Amino acid sequence: MKPAIELYLITSAVCNVRCKSCPAGRKDLALGGIMSLEMLERILTKCTAEAQVMLVQLYFYNETFMVPNMDKMITICHKYKIPALVSTNLTLFKQGPAILAACPERLIISVSGWTQAIYERSHKGGDIEVVKKNMAEVAKLRSPKTEVQVSWHHYRYNEHEMPLMEDYARKLGFSFLSYGTSLCPPRRALGVWKTGIEDPAGEDILVPVMAAKQMCYDRRHWDCTGQDRILVIDSKGILLNCNGADDDEANRRGSLFDTTVPAILKARKTDPDCLACRAVGGQIYAMQVYTRSEWSPARLAGVVYRRLGLTGYLEPLIRKFYGRNLLPLAKREIRVGLKN
């Protein structure tokens, strides 16, 4: 059986807001180019021949509404019968109508406040009133085939405004998920654990990085989704070994086209960086599951889903069940765990 994988594509390295807990907002990402449509075709042709591609995430910290031809990228994914996910801060909307017309399976809208004073503490350079206006436009234009999910970035200071945004989102017919923010990329947390010095970029995140250290260590034996199934590929077709690390020379593993998907996944099992990360539970921080119990229903169901893969006529049903039931359940479990 072909391995089941998810593709995280670095379609650009640009974002127009400056969230300090995000590498794109801090301008830490290596400036690559815009992924061409030809490169996307090459990536999908190779990966679908060697693996079951569960989904394509057409972003990696970058703003998808700033990527030219994003609508065509979604269409190409559909040509290969692969669900396409896009994420946006929705402060820009020039490409919005075209992207929505292409019917991505999921559009994620990231927000962190209802009022400008709270919103701009994280989303620096954004205007929440523009976001709200554009949310209304999305509600008018989106196809029933596109699930719109409002993703609330939960910081220490913004919980009191969350019900206001949730109410607005649900009135527009969108789903709403809150999750505890973390320091990105997650590999940066390992540096904090090693030195014992908190990173200024993580001062507002919900659980301080040092407070998460022991919880992650206690769960270090859990699977790593990034290691087992996620391939991060940049605009030139270069592989990143870890989706939780920086886009730098140490994390690059050469061209996708010089190897095979099974060989990539096999090499990670003995990769020194992977072994060092898992020894301290770094993958647990990356997956944001350090508040989840060993016998969590979402955790167990996710393990079964990942190990079985998808085959045959049940594939569309399993995709839908996982996306609309297990993922929200997992997020709720994380949120409850953080409160406890």
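Use the structure listed above.
If you're wondering where the values come from, they're calculated on a predicted model, not measured in any experiment.

K.L.:
I tried to follow the overall build of the chain on my own but got confused; where do I start?
P.N.:
Looking only at helices and strands, one finds 14 helices and 9 strands in the chain. Expressed as a percentage of its 340 residues, the buried residues of the chain come to 55%. Long-range pairs, those at least 24 residues apart, make up 75% of the contacts in the chain between residues at least 6 apart in sequence. Carbon and sulfur atoms provide 59% of the accessible area of the chain, an area that totals close to 14,900 Å².

K.L.:
Explanation requested: a nonpolar patch on the surface in the structure shown.
P.N.:
Together, Val 14, Met 66 and Leu 92 make up a nonpolar patch on the protein surface, roughly 200 Å² of accessible area in all. Relative to the elements of secondary structure, Met 66 occurs in the loop between β2 (52-57) and α2 (70-79). According to the relative accessible area criterion, Met 66 is partly exposed, its value standing at 32%.

K.L.:
Before we go on, may I ask you to explain the pairing of strand β3 (residues 84-88) in this structure?
P.N.:
Consecutive residues of a regular strand have side chains that alternate between opposite faces of the sheet. The element β3 is largely enclosed, with a buried count of 5 among its 5 residues. Neither face of β3 is open: one carries Ala 84, Val 86 and Thr 88, the other Leu 85 and Ser 87, and all of them are buried. As paired strands, β2 and β3 are joined by 2 bridges and run parallel to one another. Its bridge partner being in β3, Gln 57 is matched across the sheet by Leu 85. Pairing of β3 with strand β4 (residues 106-111), which is carried by 4 bridges, proceeds in the parallel orientation. When the sheet's bridge partners are listed, Ser 87 is paired in β4 with Ile 108.

K.L.:
Explain helix α5 (residues 128-141) to me, please; I cannot follow it from the model alone.
P.N.:
The terminal C-alpha atoms of α5, which comprises 14 residues, lie 20 Å apart, in line with the 20 Å expected from a rise of 1.5 Å per residue. Among the residues of α5, Ile 128, Val 131, Lys 132, Asn 134, Met 135 and Val 138 are the ones counted as buried. Taken around the axis of α5, the buried residues stretch over an arc of 165°, which confines them to a single face. Opposite its buried face, α5 presents the exposed residues Lys 133 and Lys 140, each directed more than 90 degrees away. Buried positions along α5 lie against α3 (96-101), β4, α4 (116-122), β5 (147-154) and α6 (162-171). The backbone nitrogen of Glu 129 has a side-chain oxygen 2.9 Å away, supplied by the residue at the start of α5, namely Asp 127.

K.L.:
How do you make sense of the sheet that holds strand β1 (residues 4-9) when you look at a structure like this?
P.N.:
Hydrogen bonding along the main chain pairs the strands of a sheet, whether they run parallel or antiparallel. The mixed open sheet is built from 9 strands, whose spatial order is β6-β5-β4-β3-β2-β1-β7-β8-β9. Edge positions in the open sheet fall to β6 (175-180) and β9 (252-255), since each of these has one partner strand only. Sheet twist, expressed as the mean angle between neighbouring strand axes with direction ignored, is 25°. Lying over the sheet, helix α1 (residues 37-50) contacts β1, β2 and β7 (230-233), oriented at roughly 170° with respect to β1.

K.L.:
What's the story with the environment of Lys 72 in this structure? I'm lost.
P.N.:
With respect to the element layout, Lys 72 can be found in helix α2. The partly exposed category is assigned to Lys 72, whose relative accessible area is 40%. The spacing of Lys 72 and Ala 98 is 26 residues in sequence and 8.9 Å in space, taken between C-alpha atoms.

K.L.:
What should I look at first to understand the packing of aromatic side chains in this one?
P.N.:
Any two aromatic rings considered together are summarised by their centre-to-centre distance and by the angle between their planes. Per the counting criterion, the structure on display carries 7 aromatic pairs. Pairing Trp 152 with Phe 176 gives two aromatic rings, centres 6.4 Å apart and planes at 40°, and the pair type is tilted. With Trp 152 in strand β5 and Phe 176 in strand β6, this residue pair connects regions lying 24 residues apart in the sequence. Like Phe 176, Trp 152 is buried.

K.L.:
Just to check I follow, could you spell out the side chain of Asn 251 for this structure?
P.N.:
Structurally, the position occupied by Asn 251 is in the loop between β8 (238-240) and β9. Judged by its relative accessible area of 4%, Asn 251 falls in the buried class. Leaving out residues up to four positions away in the same chain, Asn 251 has contacts with Leu 239, Leu 240, Asn 241, Cys 242, Ala 245 and Asp 246.

K.L.:
Help me out: how do you make sense of the packing of helix α7 (residues 187-195) against helix α8 (residues 209-218) in this one?
P.N.:
Helix-helix packing: each pair is described by the crossing angle between the helix axes and the interaxial distance. One way to put it is that α7 packs onto α8 with a least axis distance of 9 Å and a crossing angle of 95°. In terms of axis orientation, α7 runs roughly perpendicular to α8. For the pair α7 and α8, contact is made by Ala 189, Val 192 and Trp 193 and by Val 209, Met 210, Ala 212, Lys 213 and Cys 216, respectively. For the contact of α7 with α8, the per-class residue count stands at 7 nonpolar, no polar and 1 charged.

K.L.:
How should I be thinking about unusual backbone geometry in this particular structure?
P.N.:
Negative phi values dominate among residues other than glycine, just as trans dominates among peptide bonds. With an omega dihedral of -5°, the bond running from Cys 184 to Pro 185 counts as a cis peptide bond. With respect to the secondary-structure elements, Pro 185 resides in the loop between β6 and α7. Residue Asn 69 is not a glycine yet carries a positive backbone phi of 65°. When you line up the elements, Asn 69 lands in the loop between β2 and α2. Owing to a relative accessible area of 33%, Asn 69 belongs among the partly exposed residues under this scheme. Despite not being glycine, Leu 90 has its phi angle at roughly 60°, a positive value. For Leu 90, the location among the structural elements is in the loop between β3 and α3.

Cut-off values and rules
Residues numbered from 1 in each chain as written. Predicted model: local features only at pLDDT ≥ 70, side-chain atom pairs only at ≥ 80, totals over all residues. Heavy atoms only, no water. Helix = DSSP H or I, 4+ residues; strand = E, 2+ residues; numbered from the N terminus. Buried < 20%, exposed > 50% of the residue type's maximum accessible area, 1.4 Å probe, protein only. Contact = heavy atoms within 4.5 Å. Areas by Shrake-Rupley, 256 points an atom, 1.4 Å probe, with all protein chains shown as cover. Patch = residues over 30% accessible without salt bridge, like charges linked within 9 Å, V, L, I, M, F, W, Y side chains within 5 Å. Salt bridge = Lys/Arg side-chain N within 4 Å of Asp/Glu carboxyl O. Pairing = 2+ DSSP bridges. Expected span 1.5 Å × (residues − 1). Arc of directions from axis to C-beta. Polar contact = N/O pair within 3.5 Å; in protein donor to acceptor, adjacent residues only side chain to side chain. Axes fitted to C-alpha atoms, helices over the stretch in contact; angles between N-to-C directions. Phe/Tyr/Trp six-rings, centres within 6.5 Å; stacked < 30°, edge-to-face > 60°. Parallel < 35°, antiparallel > 145°, perpendicular 65-115°, else oblique. Nonpolar A, V, L, I, M, F, W, Y, C, P; charged D, E, K, R; others polar.

That is the geometry; function is a separate question.
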